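Summary of structural features
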Amino acid sequence: QVQLVESGGGLVQAGGSLRLSCVASGSINSINGMYWYRQAPGKQRELVAVIISGGSTNYADSVKGRFTISRDNAKNSVFLQMNSLKPEDTGVYYCNIVARTYSSSSPRSYWGQGTQVTVSS
């Protein structure tokens, strides 16, 4: 089984910064993509950023230039540096990975429990 634990959320004023972390543990053989999603109150979950195994990244238009996704393959970790935060960045941020375990040859999607980010105006 695979577990994801996020940390780093909190309350910050507009213009501030936060750094989210997500550590994956368990019988992980390899990780393909690592993702950050967010869900604002009353809205659908949306993709914020992705980083694939080769290091290529992609971002939602709303966060380009402000957020940076990175990963530490040795520690099965992914990070999201969030700068110049805006009130509309408020929501629950979820870590998601697509990974193969030693017990399954097919990649599967795994989710963290989420961490709350609140940006005050």
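The following refers to the structure shown. In this text, all values refer to a predicted model and were calculated from it rather than measured experimentally. (Residues numbered from 1 in each chain as written. Predicted model: local features only at pLDDT ≥ 70, side-chain atom pairs only at ≥ 80, totals over all residues. Heavy atoms only, no water.)

1. Examining the sheet that holds strand E1 (residues 2-7)
If you walk across this open sheet you meet the four strands as E1-E3-E8-E7, and the pairing is antiparallel. Pairing within the sheet leaves two strands with one partner each, and these edge strands are E1 and strand E7 (67-72). Geometrically, the sheet is characterised by an average inter-axis angle of 15 degrees between neighbouring strands, direction not taken into account. In this structure, E1 lies alongside strand E3 (residues 18-26), joined through six bridges in antiparallel fashion. Counted as the bridge partner of Ser-7 is Ser-21 from E3. (Pairing = 2+ DSSP bridges. Helix = DSSP H or I, 4+ residues; strand = E, 2+ residues; numbered from the N terminus. Axes fitted to C-alpha atoms, helices over the stretch in contact; angles between N-to-C directions.)

2. A word on the side chain of Ser-21
One can find Ser-21 in strand E3. The residues contacting Ser-21, other than those within four sequence positions of it, are Val-5, Glu-6, Ser-7, Trp-36, Val-78 and Phe-79. (Contact = heavy atoms within 4.5 Å.)

3. Some words on the pattern of salt bridges
One pass over the structure, following the stated rule, counts four salt bridges. Here Asp-89 and Arg-38 are joined by a salt bridge, their closest N and O atoms 2.9 Å apart. One end of the pair, Asp-89, is in the loop between strand E8 (77-82) and strand E9 (91-101); the other, Arg-38, is in strand E4 (residues 28-39), with 51 residues separating them in the sequence. This pair shows no difference in class: Asp-89 is buried, exactly as Arg-38 is. Put simply, Arg-66 and Asp-89 hold a salt bridge, and the shortest N to O gap is 2.8 Å. (Salt bridge = Lys/Arg side-chain N within 4 Å of Asp/Glu carboxyl O. Buried < 20%, exposed > 50% of the residue type's maximum accessible area, 1.4 Å probe, protein only.)

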